[in-house]
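Working through the structure, step by step
Residue strings, one per chain:
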Amino acid sequence: GIQVEQSPPDLILQEGANSTLRCNFSDSVNNLQWFHQNPWGQLINLFYIPSGTKQNGRLSATTVATERYSLLYISSSQTTDSGVYFCAVVGVGETSGSRLTFGEGTQLTVNP
Amino acid sequence: DGGITQSPKYLFRKEGQNVTLSCEQNLNHDAMYWYRQDPGQGLRLIYYSQIVNDFQKGDIAEGYSVSREKKESFPLTVTSAQKNPTAFYLCASSTRLGPGLGEAFFGQGTRLTVV
């Protein structure tokens with residue numbers, strides 16, 4: 001099945017810093033999503049971005065489907081941005097196209 | 001409000017008992033999923049369903065069972081055959097878009113502890 005790799009696994013920032021999280025995937029995708037898992041475990045939808053670029057406040061994301069990667073940018077980070085960021089993809093094909101496959105996540109810590 | 005509701009939020013089970021986790025959605029989504037998350041790990045797919053009365057095994061289905069009798073409901077039973085059931089369980093749903101899937105949304109999760 002499709003493989004999803006996220007980097008870096010851990011990231012520590014000072015409040016106000018910018019960061020870039022990367023998601024590489026091994027095959028063509030029909031769907032790509034970025035999630036933020038808060039300290040209570042809930043997954044918050046950030047972006048649904050199979051291709052192109054989107055922005056939402058201090059966050060933006062770019063997916064280059066032909067090169068099989070996506071980037072999540074966080075600008076002017078705040079302590080509330082801390083948590084785990086997951087990339088998840090839906091592949092092409094009968095099996096991988098029917099399920100969301102997750103990467104292992106990036107643990108972000110923003111210090112005051 | 002539209003969304004996905006998981007219950008209970010916390011569940012304690014004695015060894016050897018079966019327990020059922022509830023997942024209900026009112027988003028009119030066709031597809032529903034169950035994932036398991038262990039501490040410090042990513043999400044692993046247990047079962048998924050694209051349509052009522054049909055479901056498929058994910059990557060770690062052993063020791064689990066599901067049913068999909070109604071579009072809005074996808075309960076997960078953790079059986080006594082599951083060797084390490086203590087984990088965080090997340091339910092999700094999405095629309096189907098042509099050959100693929102639309103945006104997926106998650107419930108708040110159920111923390112299961114075996115005592």
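Residues numbered from 1 in each chain as written. Chains lettered and ligands numbered in written order. Predicted model: local features only at pLDDT ≥ 70, side-chain atom pairs only at ≥ 80, totals over all residues. Heavy atoms only, no water.

1. Focus: the nonpolar core
Quick note on the threshold: In this text, buried Ala, Val, Leu, Ile, Met, Phe, Trp, Tyr and Cys residues form a nonpolar core when linked through side-chain atoms within 4.5 Å. We call a residue buried when its accessible area falls under 20% of the maximum for its residue type, exposed when it is over 50%, and partly exposed in between, using a 1.4 Å probe and counting protein chains only. A helix here means a DSSP run of H or I that spans at least four residues, while a strand means a run of E at least two residues long, and both kinds are numbered starting from the N terminus. Note on contacts: a residue pair qualifies if any of its non-hydrogen atoms lie within 4.5 Å across the two residues.
Grouped together as the largest cluster of nonpolar side chains are 21 residues, with contacts concentrated most on Leu-32, Trp-34 and Val-89 of chain A. Of all the elements in the fold, those that place two or more residues in this core are strand 2 (10-14), strand 3 (19-25), strand 4 (29-37), strand 7 (59-64), strand 8 (69-74), strand 9 (83-91) and strand 11 (106-111) of chain A. Sequence-distant contacts of Leu-32 of chain A, defined by excluding residues within four places in its chain, comprise Cys-23, Phe-25, Phe-47, Tyr-48, Ile-49, Pro-50, Thr-63, Ser-70, Cys-87, Ala-88 and Val-89 of chain A. In terms of nonpolar packing, the next biggest core, distinct from the first, is built from 20 residues, Ala-88 and Leu-100 of chain A together with Tyr-48 and Leu-90 of chain B among them.

2. What about the state of the cysteines?
Residues and elements named next belong to chain A. Defined as follows: The rule for a disulfide is simple: a pair of cysteine sulfur atoms within 2.5 Å.
For the coordinates displayed, the defined rule picks out two disulfides over all chains. Disulfide pairing places Cys-23 opposite Cys-87 at an S-S distance of 2.0 Å. Disulfide Cys-23-Cys-87: torsion about the S-S bond near -60°, hence left-handed. Pair noted here: Cys-23 is in strand 3 and Cys-87 is in strand 9, with a separation of 64 residues, a long-range link.

3. Concerning unusual backbone geometry
Backbone torsion omega between Ser-7 of chain A and Pro-8 of chain A reads -10°, so that peptide bond is classified as cis. Looking at the element boundaries, Pro-8 of chain A is found in the loop between strand 1 (4-7) and strand 2. Backbone torsion omega between Ser-7 of chain B and Pro-8 of chain B reads -10°, so that peptide bond is classified as cis. For Ser-76 of chain A, which is not glycine, the phi torsion reads 45° and is therefore positive. Residue classification places Ser-76 of chain A among the partly exposed residues on the basis of a relative accessible area of 39%. Look at Asn-53 of chain B: it is not a glycine, yet its phi comes out positive at around 65°. With respect to the element layout, Asn-53 of chain B can be found in the loop between strand 5 (43-51) and strand 6 (54-57).

4. Quick look at the pairing of strand 7 of chain A
Residue and element names in this part refer to chain A. What counts is decided by this rule: Here the rule is simple: two strands pair whenever DSSP picks up at least two bridges between them.
Counting buried residues along strand 7, five of its six residues qualify, which places the element largely inside the surrounding structure. Between strand 6 (residues 52-56) and strand 7, which pair antiparallel one after the other, the connecting turn spans two residues, and Gly-57 there sits at a positive phi close to 65°. Where strand 7 folds back onto strand 8 in an antiparallel hairpin, the turn is made up of four residues, including Arg-68, whose phi is positive at roughly 60°.

5. Remarks on the interface of chain A and chain B
To keep it simple, the criterion reads: Note: buried area is the sum, over both parts, of the accessible area (probe 1.4 Å) each one loses when the two are combined. A side-chain nitrogen of Lys or Arg and a carboxyl oxygen of Asp or Glu constitute a salt bridge if their distance falls within 4 Å. We define a polar contact as two N or O atoms separated by no more than 3.5 Å, with the added condition that, inside protein, one atom must be a possible hydrogen donor and the other a possible acceptor, whereas residues neighbouring each other in sequence contribute only through side-chain atom pairs. Think of it as three bins: nonpolar holds Ala, Val, Leu, Ile, Met, Phe, Trp, Tyr, Cys and Pro, charged holds Asp, Glu, Lys and Arg, and polar takes everything else, Gly as well.
The interface is formed by 21 residues belonging to chain A together with 25 residues belonging to chain B. Ranking the residues of chain A by area buried against chain B places Tyr-48, Ser-98 and Arg-99 of chain A at the top, with a combined share of 27%. In this assembly, chain A and chain B are joined by one salt bridge. The salt bridge involving Arg-99 of chain A is made with Asp-59 of chain B; its shortest N-O contact spans 2.5 Å. On the surface where chain A and chain B come into contact, there are ten residue pairs in polar contact (both at pLDDT 80 or more). Going through the elements one at a time, strand 4, strand 5 (43-48) and strand 9 of chain A are the ones with two or more residues in the side of chain A that touches chain B. If one sorts the elements of the side of chain A that touches chain B by residue count, strand 4 of chain A sits on top with five residues. In terms of residue class, the side of chain A that touches chain B is made up of eight nonpolar, eleven polar and two charged.

6. Observations concerning the sheet that holds strand 1 of chain A
Strand-to-strand pairing in sheets goes through backbone hydrogen bonds, with the strands running parallel or antiparallel. Residue and element names in this part refer to chain A. Note the threshold: Lines are fitted to the C-alpha atoms to define the axes, a helix being fitted only along its stretch in contact, and any angle between axes, read from their N-to-C directions, falls within 0 to 180 degrees.
Spatially, 1-3-8-7-6 is the arrangement adopted by the five strands of the open sheet, whose pairing is antiparallel. Edge positions in the open sheet fall to strand 1 and strand 6, since each of these has one partner strand only. Adjacent strand axes in the sheet meet at a mean angle of 15° when their direction is disregarded. Of the strand pairs in this sheet, strand 6 and strand 7 are connected by five bridges, and their pairing is antiparallel.

7. Focus: the pattern of salt bridges
Considering all chains together, one arrives at six salt bridges over all chains under this definition. Across the pair Asp-81 of chain A and Arg-58 of chain A runs a salt bridge whose closest N-O atoms are separated by 2.8 Å. One end of the pair, Asp-81 of chain A, is in the loop between strand 8 and strand 9; the other, Arg-58 of chain A, is in the loop between strand 6 and strand 7, with 23 residues separating them in the sequence. For the salt bridge of Lys-71 of chain B with Asp-30 of chain B, the shortest nitrogen-to-oxygen distance reads 3.4 Å. Taken together, the positions of Lys-71 of chain B in the loop between strand 7 (64-66) and strand 8 (76-78) and Asp-30 of chain B in the loop between strand 3 (19-25) and strand 4 (31-37) put the pair 41 residues apart, joining distant regions of the chain. Take Lys-71 of chain B: its relative accessible area is 26%, and that puts it in the partly exposed class. Asp-30 of chain B sits in the partly exposed class, given a relative accessible area of 31%. Within the structure, one salt-bridge network assembled from shared partners comprises Arg-36, Asp-38 and Arg-44 of chain B.

Geometry only, nothing functional implied.
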